[in-house]
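Here are the chains, one letter per residue:
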Amino acid sequence: GQQLNQSPQSMFIQEGEDVSMNCTSSSIFNTWLWYKQDPGEGPVLLIALYKAGELTSNGRLTAQFGITRKDSFLNISASIPSDVGIYFCAGQRGTYKYIFGTGTRLKVLA
Amino acid sequence: GAGVSQSPSNKVTEKGKDVELRCDPISGHTALYWYRQSLGQGLEFLIYFQGNSAPDKSGLPSDRFSAERTGGSVSTLTIQRTQQEDSAVYLCASSSRDRIYEQYFGPGTRLTVT
């Protein structure tokens, strides 16, 4: 099925560094969600974005709904080892169906 | 409060056998989704239930797949005559009517077809 493009696909960072990842599409979306998935578990909702240009924070996480409505960004500040996992974006376009990104695998080196 | 629960957590079955996967959504959530996640991949939409409305089955990959939701709560995903390509993690999610766009996921069922 259709998927959103996420980048980077994977990244190794040092503990304490800031992390940025993004999700892009050729289509416009009305809602963006960001999830984190730990091994062997289901995705956990981190942030939901509903308006173009919206910037929302959840602790050390900040996400933005791109002004063109075709992209979204997630930043993690001062990363810690428990940030390791796979981060997925999901875009919704006028219905209840979401299209999910391909995921960014984050590994944090202590 | 209790989140979305799924059972079994792991299922190993022989090719050709039928399997049933269960999802118990968050209490009061009217919407329920099933997704499939193959190894290292994103989530593939399978089916959507909303209250008593007819489900959206457009994501089911073949007629071997079916799902029911009884009493607007628990859902069962059935895969008949399983094939090796059905091996994946099957995830269930639910959402409330007033925050319909925020889906909450269960831990998934890892299905392995040998």
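Going by the structure above, here's the rest.
Note that the structure is a prediction, hence the values are computed from the model and not measured. Along every chain, residues carry numbers that run from 1 in the direction the sequence is written. The lettering of chains begins at A and the numbering of ligands begins at 1, in the order of writing. The predicted origin of the model limits local features to residues at a pLDDT of at least 70 and limits the giving and counting of side-chain atom pairs to 80 or more, whereas totals for whole chains, interfaces and linings rest on all residues. For side-chain calculations, the full set of non-hydrogen atoms in the structure is used, while hydrogens and water are omitted.

**A look at the environment of Ser25(A)**
Residue and element names in this part refer to chain A.
Consideration 1: With respect to the element layout, Ser25 can be found in the loop between strand 3 (19-24) and strand 4 (31-37).
Consideration 2: The exposure class of Ser25 is buried, given its relative accessible area of 16%.
Consideration 3: Sequence separation of Ser25 and Lys107 is 82 residues, and the distance between their C-alpha atoms is 25 Å.
Consideration 4: We call two residues contacting when some pair of their heavy atoms lies within 4.5 Å. In this structure, Ser25 is in contact with Leu4 and Lys70, ignoring residues within four places of it in sequence. Think of it this way: any DSSP run of H or I at least four residues long counts as a helix, any run of E at least two long counts as a strand, and we number them from the N terminus. Burial classes: relative accessible area under 20% of the type maximum marks a residue as buried, over 50% as exposed, and values in between as partly exposed (1.4 Å probe, protein chains only).

**Topic: the interface of chain A and chain B**
Consideration 1: Contacts between the two partners involve 20 residues from chain A and, on the opposite side, 18 residues from chain B.
Consideration 2: Two parts placed together each lose some accessible area under a 1.4 Å probe, and the buried area is that loss summed for both. Its largest share of buried area at the contact with chain B, chain A owes to Tyr96(A), Tyr98(A) and Phe100(A), together 32% of the area lost on that side.
Consideration 3: Every case where a carboxyl oxygen of Asp or Glu lies within 4 Å of a side-chain nitrogen of Lys or Arg is listed as a salt bridge. Across the contact surface, chain A and chain B share 1 salt bridge.
Consideration 4: As a salt-bridge pair, Lys97(A) and Asp56(B) come within 3.4 Å of each other at their nearest N and O atoms.
Consideration 5: Here a polar contact means two N or O atoms within 3.5 Å. Within protein one must be a hydrogen donor candidate and the other an acceptor candidate, and residues neighboring in sequence count only if both atoms are side-chain atoms. Taken together, chain A and chain B are joined by 5 residue pairs in polar contact (both at pLDDT 80 or more).
Consideration 6: Breaking the side of chain A that touches chain B down by element, the ones donating at least two residues are strand 4, strand 5 (44-49), strand 9 (85-92) and strand 10 (98-100) of chain A.
Consideration 7: For the side of chain A that touches chain B, the element with the highest residue contribution is strand 4 of chain A, accounting for 4 residues.
Consideration 8: Partitioned by chemical class, the residues of the side of chain A that touches chain B number 10 nonpolar, 8 polar and 2 charged. Only Asp, Glu, Lys and Arg are considered charged, only Ala, Val, Leu, Ile, Met, Phe, Trp, Tyr, Cys and Pro nonpolar, and every remaining residue, Gly among them, polar.

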